[in-house]
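Given next are the chains, with one letter for each unit.
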Amino acid sequence: MPLAVICREVGPPERLALEDVPRRPLGPGELRIRHRAAGVNFPDILMCAGGYQHKPPLPFTPGFEAAGEVIEAAPDVTQFKVGDPAMVHFRTGGYAEESVVPLAGAMPMPAGLDFAEAATFVTANVTAYGALVQRGQLKPGEVLLVLGAAGGVGLAAVEMGKLLGATVIAAASSPQKRAVAKSRGADHVIAAEADDLRPQLRDILGERGVDMVYDPVGGDLFEPALRALAWDGRYLIVGFASGTIPSFRANLALLKGARVMGVRAGEMVRRDPSLYEPRVKQLYGWAAQGHLKPHIGHRFPLAEFRAAMETVSGRRALGRVVITMND
Ligand SMILES: NC(=O)c1ccc[n+]([C@@H]2O[C@H](COP(=O)([O-])OP(=O)(O)OC[C@H]3O[C@@H](n4cnc5c(N)ncnc54)[C@H](OP(=O)(O)O)[C@@H]3O)[C@@H](O)[C@H]2O)c1
């Protein structure tokens, strides 16, 4: 029987266990995928702790994304055959040796990506694209400030901001993290320190503000980043990895003529399916040209899934964390 990480009660990663899970027969339109790698995302940890907006029924297997090979396809599936590489995307199910997915949850692997890169491609890049392009409408020549810039969704925004022709300023908490952001194209890197954010930005931009802030962190960085906006700037609220949801004085938005926008990349497509196709087309195109390639900073075998999760929750991740299986 294949192994899977199981969350039977909400709580920290110590409460999760690796268990044998019986295979079930495929239904119409389904595929069985043998995973080779699964991406670890911050929301996995929130979901297991009961703190994420989507609360799946217990028990469940965490993990938004994985990549591997098709080992079985329902008779009515013609788009994939046994042996094809595939990346899979779902709300739960990644931290496992296998998954069963509907056809809509499987995608061919973009050319040029290995299993670890494909297993970390979708969530971060879909989030960055949904935020920068479909919500924020970033334009060439604009200045983009990315917070949490060496994290999963942050680093994707650094790479994508450059592809979209922006000047990218990356904020991260350590020299190693800033080096990763720089290696992925950031024009400038600054320390993620709330008290020093605006002086560092002034050193780079003078009195000019930033046109867009991409914020997956929240907490103390929110207010200085909001104050750093230029007239008509956009502030993209992507997440709260700091653990603190900030409050703000609404006059700050009024004074800047600013738009403060929430981003839920998955929900955007669920509510407006027409957003899906242009997203996927553009992301595959960039990947095929070698422009989007997740930076894999840490690899853990499935048995060490707790260490993988704690690397993310402990703020130690440099780029992406992957769990590998079936090697
Ligand atoms: N809106 C959406 O559609 C969407 C989609 C996916 C994820 N998210 C959200 O985006 C956020 C980031 O996710 P991610 O997968 O990019 O996480 P990640 O890889 O762990 O990156 C988060 C970054 O936040 C910073 N941070 C500040 N305080 C932290 C703390 N106490 N613990 C951990 N990190 C801290 C860290 O950067 P520094 O150390 O450099 O400050 C870290 O690199 C999460 O809140 C997640 O739920 C939103």
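Keep in mind the model is a prediction, meaning the values are calculated, not measured. (Residues numbered from 1 in each chain as written. Predicted model: local features only at pLDDT ≥ 70, side-chain atom pairs only at ≥ 80, totals over all residues. Heavy atoms only, no water.)

Brief notes about the domain arrangement of the protein
Definition in use: These domain boundaries are the output of an automatic or database domain assignment. When two components associate, each loses some accessible surface as probed by a 1.4 Å sphere; the sum of these losses over both components is called the buried area. For this analysis, a salt bridge means a side-chain nitrogen from Lys or Arg found within 4 Å of a carboxyl oxygen belonging to Asp or Glu.
Here the domain parsing of the protein yields domain 1 (3-121 + 294-324) and domain 2 (124-267). Of note, the centres of domain 1 and domain 2, computed from C-alpha atoms alone, are 28 Å apart. For the domain 1 and domain 2 pair, buried surface summed over both sides reaches about 1100 Å², with 50% attributable to carbon and sulfur atoms. For the domain 1 face of the interface with domain 2, the top three residues by lost area are H295, R315 and L318, together amounting to 38%. On inspection of domain 1 and its partner domain 2, the count reaches zero salt bridges.

Digging into the pattern of salt bridges
Threshold: In this text, helices come from DSSP runs of H or I with a minimum length of four residues, and strands from runs of E with a minimum of two, each type numbered from the N-terminal end. Burial classes follow relative accessibility: with a 1.4 Å probe on protein chains only, a residue under 20% of its type's maximum area counts as buried, one over 50% as exposed, and anything between as partly exposed.
This structure, assessed with the given rule, holds 19 salt bridges. With a shortest N-O distance of 3.2 Å, E69 and R34 are connected by a salt bridge. On the criterion of sequence distance, the pair formed by E69 in strand 4 (residues 65-73) and R34 in strand 3 (residues 30-40) is long-range, its members being 35 residues apart. The exposure class assigned to E69 is buried, which follows from its relative accessible area of 16%. For R34, a relative accessible area of 29% translates into the label partly exposed. A salt bridge links R36 to E69, with the shortest nitrogen-to-oxygen separation between them at 2.6 Å. Here E69 lies in strand 4 and R36 lies in strand 3, a separation of 33 residues in the sequence.

A closer look at the sheet that holds strand 12 (residues 229-237)
Stated precisely, the cut-off is as follows: Being paired, for any two strands, means DSSP has found at least two bridges between them. Axis definition: a line fit to C-alpha positions, over the contact stretch in the case of helices; interaxial angles, taken between N-to-C directions, run 0 to 180 degrees. In what follows, a contact means two residues having at least one pair of non-hydrogen atoms within 4.5 Å.
Pairing is parallel in the open sheet, where six strands are placed in the order 10-9-8-11-12-13. In this open sheet, the two edge strands, each paired with only one partner strand, are strand 10 (188-191) and strand 13 (259-262). With strand direction ignored, the average angle separating the axes of adjacent strands in the sheet is 20°. With three bridges joining them, strand 8 (residues 143-146) and strand 11 (residues 210-215) adopt parallel strand pairing. Each bridged residue has a counterpart across the sheet, and for V146 the counterpart in strand 11 is Y214. In this fold helix 3 (residues 122-135) packs onto strand 8, strand 11, strand 12 and strand 13, with an angle of close to 150° to the strand it touches most, strand 11.

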